Amino acid sequence: EVYNSVISIDSSMAAPIMKSLYDWRNKMVVSFTRDSVDKIILEYDNNRFVCTKDESHDWFIGEDMSVPANKDRIEDVLTAVRSIRVLKFLDYKNLSSYGFSRPRMEFQFMTRDGIEIETLIFGKIVRDKIYLLNKTFKRVFLIDVDHYYDLMLNKAELIKQEETEK
């Protein structure tokens, strides 16, 4: 049977379900897991870093994997990228107006075989926000600019430091 009844409920019960589309959307900017990434290429300000994970899950810097990397720092970077949340979803149009034609920074996350998992491009800064493009999934976001500054790495902090004897 179909009932055409109107049911009244207390307003406190309605609040949790009366949300906008934004409230229900997944606000993560990437979909990969930390374990799925075997290679990271970071480019910004004429700097280019390549970090590669070997079969034993140790990280190295350089295409030739000659310099041991700080595994904890690289894992922190992957966690930081996964923790970025969208403040605003934008249209995938007029990408140059968001500053993507001259990106501030680009991250490529890949498998060991060089297959792209996801690529993130950081564009123009607007006050305390920055435009971010997930190039792989063709999605544009506005995020907090602090994420950009947190991800600006230098090679020295990526290099594994020799452990000193105590």
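Residues numbered from 1 in each chain as written. Predicted model: local features only at pLDDT ≥ 70, side-chain atom pairs only at ≥ 80, totals over all residues. Heavy atoms only, no water.

**Quick look at unusual backbone geometry**
Step number 1: One non-glycine residue with positive phi stands out, namely N94, at about 45°.
Step number 2: Summarising the element assignment, N94 is placed in the loop between β5 (88–90) and β6 (105–110).
Step number 3: Exposure remark for N94: the relative accessible area of 60% places this residue in the exposed category.
Step number 4: Backbone geometry places R127, a non-glycine residue, at a positive phi of 55°. (Helix = DSSP H or I, 4+ residues; strand = E, 2+ residues; numbered from the N terminus. Buried < 20%, exposed > 50% of the residue type's maximum accessible area, 1.4 Å probe, protein only.)

**Comments concerning helix α3 (residues 71–83)**
Step number 1: Here α3 spans 18 Å end to end across 13 residues, near enough to the 18 Å set by a 1.5 Å rise per residue.
Step number 2: Here α3 has its buried residues at I74, E75, V77, L78 and V81. Taken end-on, α3 shows its buried residues confined to a sector of 150°, consistent with a single buried face.
Step number 3: Two or three places before D72, at the start of α3, stands the capping residue N70, its side-chain oxygen 3.1 Å from that residue's backbone nitrogen. (Expected span 1.5 Å × (residues − 1). Arc of directions from axis to C-beta. Polar contact = N/O pair within 3.5 Å; in protein donor to acceptor, adjacent residues only side chain to side chain.)

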